[in-house]
Amino acid sequence: MSNGTTRREFLGSLAAFSLLPLEQERPDLILYNGNIWTVNDKEPRAQAVAIAGDRFLAVGSDSDVLNVASPASKKIDLGGKTVTPGFIDAHSHPAEAGLMHLRMVDCDLRSISAIQAALRERAAKTPPGEWVLGFKYDDTKTEEGRPLTVADLDAAVPDHPVHIEHRGGHTVYANSVGFRKAGIDEKTLDPPGGKIDHDPATGKLSGRVAESANAFFEKVIPHNFTRDDHREGVKLISKMLARTGITSATEAQGTPTDLRAYQDARDSGDLLYRAYCFINFHYLDAMIAAGTRTGLGDEWVRIGAIKLVCDGSISERTARLSAPYEGRPNDYGILVMTEEELYTHGRKAHLAGWQIGTHANGDVGIDTTLRVYERLQKESPRRDSRFRLEHCTVVNDGLIARIKALGAIPTPFSTYVYYHGEKMRYYGAERLNHMFALRSFLDAGIRPTQASDYPPGEFIPMMALQSEVTRTDTKGNVWGPKQRITVEEAIRVGTLNGAYASYEENLKGSIEAGKLADLVVLGRDPLKEDTSTLIKIPIERTMVGGKWSFEA
Ligand SMILES: [Zn+2]
């Protein structure tokens, strides 16, 4: 901006500005001398931003932006640091995870004996008869190299009932008292869509049950969380997300209770990320009766898609595949809902104006879900329905063409190659080149997102970056190198694409005048970093709506 240009002319040249009451607007804050990645194609890099209230007022060079300062504007020198838009985790379970961190034993430990010790310690503080609950257990990450058994759990906790969720969330483990309380014995039949494991030699319960068989436990484990507990859970997870650079997250299996918790946390000033709250399909009738649908809410708490589940999980090897798991010739994984069930629930949601997000991991699960979406769109065409394929892990060219034709959105796991590398061998080298297929999606013109699925996956955006760019796990194994993407592509996937997946691309996801002031200040430039250490880039500050949600 030359000296002859007035401030008004300068501001008028920024398209989004025309919506703002310009004469009154003065920046509260200016960040300058930065290396700002805007994720805006028209102006990919900038040095400075001006912020008024919760929005970006101006983005540009230092001289341009400092020119709009008023005497009251606070100025912060970024010292050349790299800034990106705030990261959007498009599929996660933060409210639920927050509650778990409040109450349950974190079983993300590296040996069965360490897990036993943690459970024993919790049992000592738990009144007789009450459940000892655990989460984030991972059978592939303990040094014993075998899964937990009833005997392990009985040895650690003989008198209290124990129930432990696998990190993937699709299988659970219990001790003898737990099984007795749930009404499961050796003769109990597998329920539809579920499995109760037995020791092949003795026929006795192994300790593990899968998918819908967990309902036996859900019926007897009291969910006695208070309204305050739910708010506290959101508060706790808010801090955990903010320190990694996350400013928005989708609650991928939300309930009306989660919606209330988000509103409570916002009111008490404890909500530090913007929540797009999916609603579990069990509540669909009630939500429709209340006159709600996707999009209701504001930029902090918004009703998301209705959630359906088609097949099993990747980390627990239950996703439904067209070819069997490596070394398990008869194991193709499982379907959780039939195609007719998906269609019946999906049709109701589609006609009522809801976005639909269906959990579909294996190629058979994705094919089934796409068939339902294609049928819905054919029978009742809706403009911009943005059908979502939650995870959308194992794909092929035919599926990708159909995803593109439908305008559907895949939300593949961002950190699995890096963090869950030890499970990748079950899928095989050839199949890995068609999994978490960001390269294929981007080349086809599809808009995939960044998604952690926390607790099953880690939510750290810098880990996602490294995983997506290198396709390398913690031990240096490379899984599916054909699906590598560039650092800049990964940043866009983790920001603007996430905003698109929740119909909020005009509100956030890039650093542009008029958009919400959500950003992250990185300690080092990802383009100058060795790709094998992207995960080590420190997050220095995170901002949501013009306020720092985290400062190192
Ligand atoms: Zn999930």
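Sequence positions are assigned chain by chain, starting from 1 and proceeding in written order. For this predicted model, a pLDDT threshold of at least 70 governs which residues receive local features, and a threshold of 80 or more governs which side-chain atom pairs are given and counted, while totals over whole chains, interfaces and linings are taken from all residues. To obtain the side-chain values, all non-hydrogen atoms of the structure were used and water was disregarded.

Caption draft 1: Region of interest: the overall build of the protein. Across its full length, the protein holds 19 helices and 23 strands. In terms of C-alpha radius of gyration, the protein reaches 24 Å, essentially the compact-globule figure of 24 Å for 552 residues. The principal-axis extents of the C-alpha atoms in the protein amount to approximately 90 × 55 × 50 Å. Only protein chains enter the accessibility calculation, which uses a 1.4 Å probe; a residue whose area is less than 20% of its type maximum is buried, one above 50% is exposed, and one in between is partly exposed. In the protein, which comprises 552 residues, the share counted as buried stands at 58%. By definition in these notes, contact holds between two residues if any of their heavy atoms fall within 4.5 Å. In the protein, the share of contacts with a sequence separation of at least 24, taken over all contacts with a separation of at least 6, comes to 73%. Computed with the Shrake-Rupley method and a 1.4 Å probe, the accessible areas treat only the protein chains shown as cover for residues. Counting every atom, the protein has about 22,000 Å² of accessible surface; 51% of that belongs to carbon and sulfur. His is not counted, nor are the chain ends, whereas Lys and Arg count as positive and Asp and Glu as negative. To locate a charge, take NZ of a lysine, CZ of an arginine, CG of an aspartate or CD of a glutamate. Computed over 67 positive and 74 negative side-chain charges, the inter-centroid distance for the protein is 1 Å. Helix numbering and strand numbering both begin at the N terminus, where a helix is a DSSP run of H or I of at least 4 residues and a strand a DSSP run of E of at least 2. For this measure, only C-alpha atoms enter the radius of gyration; the expected value for a globule follows 2.2 Å times N^0.38, where N is the number of residues.

Caption draft 2: Representation of the pattern of salt bridges within the structure. A side-chain nitrogen of Lys or Arg and a carboxyl oxygen of Asp or Glu constitute a salt bridge if their distance falls within 4 Å. According to the stated counting rule, one finds 44 salt bridges in the structure shown. The residue Arg45 makes a salt bridge to Glu488 at a minimum N-O spacing of 2.7 Å. Taken together, the residues span a long stretch of sequence, with Arg45 in strand E3 (residues 45-46) and Glu488 in helix H18 (residues 487-493) at a distance of 443 residues. Taking relative accessible area as the criterion, Glu488 reaches 40% and is therefore assigned partly exposed.

Caption draft 3: View of unusual backbone geometry. Of note, the bond from Tyr454 into Pro455 is cis; its omega dihedral lies within 30 degrees of zero at 10°. Within the secondary structure, Pro455 sits in the loop between helix H16 (438-443) and helix H17 (461-470). A positive phi angle, close to 45°, is found at Arg386, a residue other than glycine. You can see Arg386 is positioned in the loop between helix H12 (363-379) and strand E19 (388-391).

Caption draft 4: View of the sheet that holds E3. The rule for pairing is simple: two strands pair if DSSP sees at least two bridges between them. Pairing in this open sheet of six strands is mixed, and the strands run E3-E2-E7-E21-E22-E23 from one edge to the other. Edge positions in the sheet fall to E3 and strand E23 (547-551), since each has one partner strand and no second. Two strands pair when backbone bridges link them, and strand E7 (residues 82-85) and strand E21 (residues 519-522) are joined in this way by four bridges, in the antiparallel orientation. If you follow Pro85 over to E21, its bridge partner there is Leu519.

Caption draft 5: Region of the structure containing the sheet that holds strand E5 (residues 55-60). Strand order in the open sheet formed by four strands is E5-E4-E1-E6, with mixed pairing between adjacent strands. Two strands lie at the open edges of the sheet, namely E5 and strand E6 (74-77), each paired on one side alone. On average, each strand axis in the sheet is inclined to that of its neighbour by 15°, with strand direction left out of account. Angles here are taken between N-to-C directions and fall from 0 to 180 degrees, while the axes themselves are lines fitted to C-alpha atoms, restricted in helices to the stretch in contact.

Caption draft 6: Representation of the packing of aromatic side chains. Each Phe, Tyr or Trp ring, with Trp reduced to its six-membered ring, pairs with another whose centre is within 6.5 Å; inter-plane angles below 30 degrees give stacked pairs, above 60 give edge-to-face pairs, and intermediate values give tilted ones. Scanning all chains against the criterion turns up 11 aromatic pairs. Aromatic pair Tyr262 and Tyr273: ring centres 5.8 Å apart, planes at 90°, arrangement edge-to-face. On the criterion of sequence distance, the pair formed by Tyr262 in helix H9 (residues 256-267) and Tyr273 in the loop between H9 and strand E16 (274-280) is long-range, its members being 11 residues apart. Across the pair, exposure class does not vary: Tyr262 and Tyr273 are buried alike. Centre to centre, the rings of Phe413 and Phe436 are 6.3 Å apart; their planes meet at 75°, and the pair counts as edge-to-face.

Caption draft 7: Structural view of the coordination of the zinc ion. The protein atoms that coordinate the zinc ion are His91 (NE2), His93 (NE2) and Asp453 (OD), at distances spanning 2.0 to 2.1 Å. Along the chain, the residues donating to the zinc ion are arranged with the sequence spacing H-x1-H-x359-D. With a gap of 360 residues between them, His93 in the loop between strand E8 (87-92) and helix H3 (94-103) and Asp453 in the loop between H16 and H17 connect regions that are remote in the sequence. For His93, a relative accessible area of 10% translates into the label buried. By relative accessible area, Asp453 is classed as buried at 7%. Donor atoms are limited to N, O and S found within 2.8 Å of the metal ion, a distance that becomes 3.2 Å for Na, K and Ca. With water left out, some sites might look partial.

Caption draft 8: Looking closely at the side chain of Thr415. Position of Thr415 among the secondary structure elements: in the loop between strand E20 (409-411) and helix H14 (416-419). For Thr415, a relative accessible area of 1% translates into the label buried. The residues contacting Thr415, other than those within four sequence positions of it, are His420, Gly457, Glu458, Ile460, Met463, Ala464 and Ser467.

Caption draft 9: Spotlight on the packing of H3 against helix H8 (residues 227-242). At a closest axis distance of 7 Å, the pairing of H3 and H8 adopts a crossing angle of 100°. Taken together, the axes of H3 and H8 lie roughly perpendicular to each other. Each of Pro94, Ala95, Ala97, Gly98, Leu99, His101, Leu102 and Arg103 in H3 lies in contact with H8, whose residues at this interface are Asp229, His230, Glu232, Gly233, Val234, Leu236, Ile237, Met240 and Leu241. Put simply, Ala, Val, Leu, Ile, Met, Phe, Trp, Tyr, Cys and Pro go in the nonpolar bin, Asp, Glu, Lys and Arg in the charged bin, and everything else, Gly too, in the polar bin. Grouping the constituent residues of the contact of H3 with H8 by class yields 10 nonpolar, four polar and three charged. Note that the term roughly parallel is reserved for angles under 35 degrees, roughly antiparallel for angles over 145, roughly perpendicular for angles of 65 to 115, and oblique for everything else.

Caption draft 10: Focus on the pairing of strand E14 (residues 205-211). Counting buried residues in E14 gives five out of seven residues, a clear majority hidden from the surface. The pairing of strand E12 (residues 171-174) with E14 spans three bridges and is antiparallel. Following the sheet pairing, Tyr173 is matched in E14 by Arg208. Sheet topology note: the strand E13 (residues 194-198)/E14 ladder contains four bridges and is antiparallel. If you follow Gly194 over to E14, its bridge partner there is Glu211.

Caption draft 11: Broad picture of the environment of Ser268. The topology assignment puts Ser268 in the loop between H9 and E16. For Ser268 and Glu505, which are 237 residues apart along the polypeptide, the C-alpha to C-alpha distance reads 27 Å. Only 2.8 Å separates the side chain of Ser268 from the side chain of Asp270, close enough to count as a polar contact. We call two N or O atoms a polar contact when they sit within 3.5 Å, provided that within protein one can donate a hydrogen and the other can accept it, with sequence-adjacent residues counted only if both atoms are side-chain atoms.

Caption draft 12: View of the packing of H8 against H9. Contact pair H8 / H9: the axes reach a minimum separation of 8 Å and the direction vectors enclose 70°. By the criterion of interaxial angle, the relationship of H8 to H9 is roughly perpendicular. When you trace H8 past H9, the crossing you get is right-handed. Residue-level inspection shows Arg227, His230, Arg231 and Val234 of H8 in contact with H9, the latter providing Thr257, Arg260, Ala261, Tyr262, Asp264 and Ala265. Each residue belonging to the contact of H8 with H9 can be placed in one class, and the counts come to four nonpolar, two polar and four charged. Crossings are sorted by hand: turned counterclockwise from the far helix by less than a right angle, the near helix makes the crossing left-handed, and turned clockwise it makes it right-handed.

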